[in-house]
Structures are given as C-alpha cells and as structure tokens.
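# Chains, contacts and geometry: an overview
In case you want the letters, here they are:
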Amino acid sequence: MAELRPSGAPAPTAPPAPGPTAPPAFASLFPPGLHAIYGECRRLYPDQPNPLQVTAIVKYWLGGPDPLDYVSMYRNVGSPSANIPEHWHYISFGLSDLYGDNRVHEFTGADGPSGFGFELTFRLKRETGESAPPTWPAELMQGLARYVFQSENTFCSGDHVSWHSPLDNSESRIQHMLLTEDPQMQPVQTPFGVVTFLQIVGVCTEELHAAQQWNGQGILELLRTVPIAGGPWLITDMRRGETIFEIDPHLQQERVDKGIETDGSNLSGVSAKCAWDDLSRPPEDDEDSRSICIGTQPRRLSGKDTEQIRETLRRGLEINSKPVLPPINPQRQNGLTHDRAPSRKDSLESDSSMAIIPHELIRTRQLESVHLKFNQESGALIPLCLRGRLLHGRHFTYKSITGDMAITFVSTGVEGAFATEEHPYAAHGPWLQILLTEEFVEKMLEDLEDLTSPEEFKLPKEYSWPEKKLKVSILPDMVFDSPLH
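Cut-offs and rules
Residues numbered from 1 in each chain as written. Predicted model: local features only at pLDDT ≥ 70, side-chain atom pairs only at ≥ 80, totals over all residues. Heavy atoms only, no water. Core = buried A, V, L, I, M, F, W, Y, C linked by side-chain atoms within 4.5 Å. Buried < 20%, exposed > 50% of the residue type's maximum accessible area, 1.4 Å probe, protein only. Contact = heavy atoms within 4.5 Å. Pairing = 2+ DSSP bridges. Helix = DSSP H or I, 4+ residues; strand = E, 2+ residues; numbered from the N terminus. Axes fitted to C-alpha atoms, helices over the stretch in contact; angles between N-to-C directions. Polar contact = N/O pair within 3.5 Å; in protein donor to acceptor, adjacent residues only side chain to side chain. Patch = residues over 30% accessible without salt bridge, like charges linked within 9 Å, V, L, I, M, F, W, Y side chains within 5 Å. Areas by Shrake-Rupley, 256 points an atom, 1.4 Å probe, with all protein chains shown as cover. Salt bridge = Lys/Arg side-chain N within 4 Å of Asp/Glu carboxyl O. Lys, Arg positive; Asp, Glu negative; His and termini not counted. Charge placed at Lys NZ, Arg CZ, Asp CG, Glu CD. pLDDT = per-residue confidence, 0-100. Parallel < 35°, antiparallel > 145°, perpendicular 65-115°, else oblique. Nonpolar A, V, L, I, M, F, W, Y, C, P; charged D, E, K, R; others polar.

By the naming in an unreviewed UniProt entry, the protein is Suppressor of fused homolog, taken from Sousa chinensis.

Moving on: the nonpolar core. Counting 40 residues, the largest nonpolar core has L372, F374, L386, Y398 and F409 as its most contacted members. Contact partners of Y398, with chain neighbours within four places excluded, come to V270, A272, C274, F374, S378, L381, I382, M405, A406, I407 and F409.

Here the focus is the sheet that holds strand 23 (residues 470–475). The strands making up a sheet associate through hydrogen bonds between their backbones, and the pairing can be parallel or antiparallel. Strands sit in the order 11-17-23-22 across an open sheet of 4 strands; the sheet is mixed. Looking at which strands have only one partner, the edges of the open sheet turn out to be strand 11 (274–278) and strand 22 (461–465). Taking each pair of neighbouring strands and ignoring which way they run, the sheet shows an average axis angle of 15°. Summarising the sheet, strand 22 and strand 23 pair through 5 bridges and their orientation is antiparallel. Opposite E462, over in strand 23, you have S473 as the bridge partner.

Along strand 5 (residues 113–125), 11 of the 13 residues are buried, which leaves the element largely enclosed by surrounding structure. As paired elements, strand 4 (residues 87–93) and strand 5 share 5 bridges and run antiparallel to each other. Its bridge partner being in strand 5, I91 is matched across the sheet by T121. In the sheet, strand 5 pairs with strand 9 (residues 193–203) via 6 bridges, with the strands oriented parallel. Looking across to strand 9, one finds that E119 is bridged to F197.

Along the polypeptide, Q48 turns up in the loop between helix 1 (32–44) and strand 2 (52–56). Of note is the side chain of Q48, whose polar atom sits 2.8 Å from the backbone oxygen of R75.

A contiguous patch of negative charge, built from E438, E442, E446 and E449, is present on the exposed surface. Mapped onto the fold, E438 is located in helix 10 (residues 438–447).

Ordered in space as 10-18-19-21-20-16, the 6 strands form an open sheet in which the pairing is mixed. Of all strands in the sheet, those with a lone pairing partner are strand 10 (269–272) and strand 16 (364–366), marking the two edges. In this sheet, neighbouring strand axes are inclined to one another by 20° on average, regardless of whether the strands run parallel or antiparallel. As judged from the 5 bridges shared by strand 18 (residues 395–400) and strand 19 (residues 406–410), these two strands associate in the antiparallel manner. Of the residues in strand 19, the one forming a bridge with H395 is V410.

Further remarks concern the pattern of salt bridges. This model, assessed by the stated rule, comprises 19 salt bridges. The shortest N-O distance in the salt bridge between R43 and E40 comes to 2.6 Å. Placement of the pair is R43 and E40 together in helix 1, with a separation of 3 residues, close to one helical turn. Classification of E40 as buried rests on a relative accessible area of 8%. Residues R173 and E206 are paired through a salt bridge, measuring 3.2 Å at the closest nitrogen-oxygen approach. Taken together, the residues span a long stretch of sequence, with R173 in the loop between strand 6 (160–162) and strand 7 (176–181) and E206 in helix 3 (residues 205–213) at a distance of 33 residues. Given a relative accessible area of 27%, R173 falls into the partly exposed group. Accessibility expressed as a relative area gives 36% for E206, which makes it partly exposed. Three or more residues are tied together by salt bridges with common partners; here these are D66, E139 and R146.

Turning to the confidence of the model for the protein, a few remarks are in order. For the protein, mean pLDDT is 82; residues scoring 70 or higher make up 76% of the total. Predicted confidence is poor over residues 327–361, with pLDDT under 50, and the contacts of this stretch with residues over four places away or in other chains come to 68 contacts.

Looking now at the side chain of Q53. Position of Q53 relative to the elements: it lies in strand 2. A distance of 2.8 Å separates the side chain of Q53 from the side chain of Y38, its partner in a polar contact. Here S72 takes part through its side chain, which lies 2.8 Å from a polar atom of the side chain of Q53.

Across the interface, helix 3 lies against helix 4 (residues 216–225) with an axial gap of 7 Å and an inter-helix angle of 135°. Put simply, helix 3 runs oblique to helix 4. Of helix 4, the residues touching helix 3 (which contributes E207, A210 and A211) are G216, I219 and L223. Residues belonging to the contact of helix 3 with helix 4 are distributed by class as follows: 4 nonpolar, 1 polar and 1 charged.

This part takes up helix 9 (residues 382–389). With 7 of its 8 residues buried, helix 9 lies for the most part within the structure. For helix 9, the full list of buried residues reads I382, P383, L384, C385, L386, G388 and R389.

Cis geometry marks the peptide bond from L459 to P460, where omega comes out at 0°. For P460, the location among the structural elements is in the loop between helix 10 and strand 22. Notably, N102 is not glycine yet its phi reads approximately 70°, a positive angle. Structurally, the position occupied by N102 is in the loop between strand 4 and strand 5. Judged by relative accessible area, N102 falls into the partly exposed class, the value being 40%. In this structure, N169 is a non-glycine residue whose phi angle is positive, near 60°. Among the structural elements, N169 can be located in the loop between strand 6 and strand 7.

Written out as structure tokens, the structure is:
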C-alpha cells in the first residue's frame, strides 16, 4: 500500500547500521542518497520544494511490497514553441542507494553505481483542467522496480518492456514501454555512487515490434520527430490513438525497413516458451544429453554454458554488433566476466541453471535432424531472428522459461559457436545451436512469411525442410505449460 502526501521531508527511517560503511548520524533524518537526488530535483523545480509524493507505507526494507520508498510528482510547464506540452514529471527514489547502510543495497563505495545505478522517471501529458497528477504512473514504476529487485537485472537506454496491457488500465493503445535517458535530469554523484535517470516512454504494440526488429534507439529518435507521439522530451500521451506509422506511413518503409536492412536488429535473444527434440535418436536413449541423469538428478545447464547464454541475453541488447559468441570459459574476475561492466545479476542466473554434474563430463553432440517448438509469440520472432540477425552475420538465442533448455541460431560468420557448416546442428547438454547458411535463411524467410501475421493462421502450425532435416512447430501456450512438451 502507498499513501499520497506532500514531500516536505522524508518519513522517519530506521537508524543506520553500525560499522565502517555506515553514513553519518544525520542520515537517519535525511539520508544522503535521497538528499543528493532531491538536489537535482530542486535544480529543475526550484518553485516546487514540496511536490506531491507517493510513498510506501511499509518500506521494502521493513518487509513491504513496494521497492520504491518514494515517487515525487512535479508539474512541468514544457515549452509550446518547442512542441513540448505541459506535463507531469514523475521521479523515483529507491532503485539507487538512499541510505548507504546496507539495509537495501550493498554499499560498495562512491566510485561505482549507487545501488542499481539508476532511478526511473516518467513524463505524462497533462490533460486540460487537470489540477493534480494521476497516481497510476507511481504504481507502474513500482511494478518495474519489483522486476528489477526480484530478477536483479538492470535497465539501459534503448531497452524495451513488453507490458501487453494499457499502462493506465484504460482502453489506450499505449501498452508497452521503451527506456531512454531523461532529457533534463543529469547524473548525480552521491556518497554511495553515481545515479543516472532512465525515462519510461509509453509506446503502441506496432512501435514495440519495430523496436524489436530494428533497435530501441532508432524508434525513440522517430518518436522525438513526431510531436503528438512524444516530441523532443518523449512525453507519453495515453490518449494517443495513432502509431507513428499511421501518422506518417513513410516512416515504416523509409526509416524502419531501411534500418533493418542496413543495421539489422540489436535484439540478440529472448526468454521464451520453446523446446527442441533430437529426431536422429529416440528421446529415451540413455545417451541423450537432454535426459542424462546422475543418480536421480536430471542434468541441467552447466554454469559455464549458462554464463555464455546469459552473455547473449544480457538485457536483450548487444553493446556492439561484433558477431562473436562469448567463450564457454570466459576469463573471470571477482565472479564477473572480465570484458563487461559488472551487474548485480546476469539475466539467466537461477537455481535451476546451476551445474549438477561437472561441465567437462558433458560432451558436445552433432545431431542429424532436429525439431524446434515455439509458442505463437516466440514463433513470430523467427523472421526477426533470420532477417535482422543472421543475415547480418549475428546470432539469436531463445532461452526457455518453462524448462532448462536453450536454442541459439548462428550464422556462418559467428565465432565461438560449436555448430559448424559440416555439422549445423550441435547440442551441449540441453543447449542446441543451429548454424544456418545465408541461402537457407532466404528459403526459410519465404516459407515462414505467414509468421509475420500470426493472427491469420490456426495452431498448431508446422514447417518442414526435409532436405535439411529440420522441422519447426508453432504450438499453443498450454503445450509448454505441461512438463511433457
């Protein structure tokens, strides 16, 4: 539960824990991390020292359900001459370290990120006659914060969030989100590390799909050019009834389609409902690595396999387009891969993905024939995988959310793969890699054309390429909800 009140001063907090990392005593009255973010807010809104604020009645660190201690709501007058309408500006407090005493976030010093390293913001167009900001964006931000705290995955600019529901629970077409840097909030240096500000931008389903097929930054730039779709500050208008492609039909062909053709897609993988079968051997074969057992325990993805897959799926986006799969045994330092910035937790890490038998006992197998299974939502991404990734010399990974299994498609230009042109289907335990040549990708795109309009066909749907010994099935969700799929 949360309550709405003027911000004034923060609610009383528990005293800081003793120890060398504890902040000064005054932090119990006005925590230094909170004070630093308030300072940035006062810089932008000097005339609003006490904005309305949604606050968690029972703080997360006291067992409450809401990770964000506060969400402040400011009235921003915008700039009509610059196509920036008047709007409400929401700013979260709690994803960063407000206290520095380990009650929520581990205090690691002032040089790195504070807590998760960011806070969320949201800009909502003010309706005519609206005297107070709606409070539903605060709950939306709490929902995203719960995801971050539970998964320990962080967001980055350009990321997308598939929400599949109007953000305000109305009949609006704004049902998904992109994330970008807030245009006004500057990074803040606190005693507990740096805090940046990521703005939530509400988008339509068609715009989300375009971001998946191309990249989030590209769609954000298009939204900035269309005033009623966001404008320069990417202000969300829940009453917007048209997508940017309906407002300007040329954007799809001239910008998005051309961008996909030129740049490919930055989406390198998804968690999905998927599975695979080895058709070259009966499933009950004792040597089938999908069902290999030590005693009574099923074999699961090893830690090293998981490390490679979670690198591929890290926040769903690649920092660059270098077509190299991370090595199975990357150099590690302090539990983190050496070639990337530390994160609180990698996207695929879970108890179920830990190794049950030693990695070195699991051999890579070459398969003759495979059967891939996807639900409808996952199957609709196959054309994106082929056109936006493989035709650009990249890779794409599906990681099962219903079982310990993964499927990675690779092109001939990807290094570090264990699938080869000579043996295009290869499995390392329950992780399958499929190498597809450019010629075969073009053939598959022709045959899978109807996947771009999945509402037009009935499930189950099957595609087969006998000469390649490959079969793909699109199945109802209920199939994957059963332990036997």
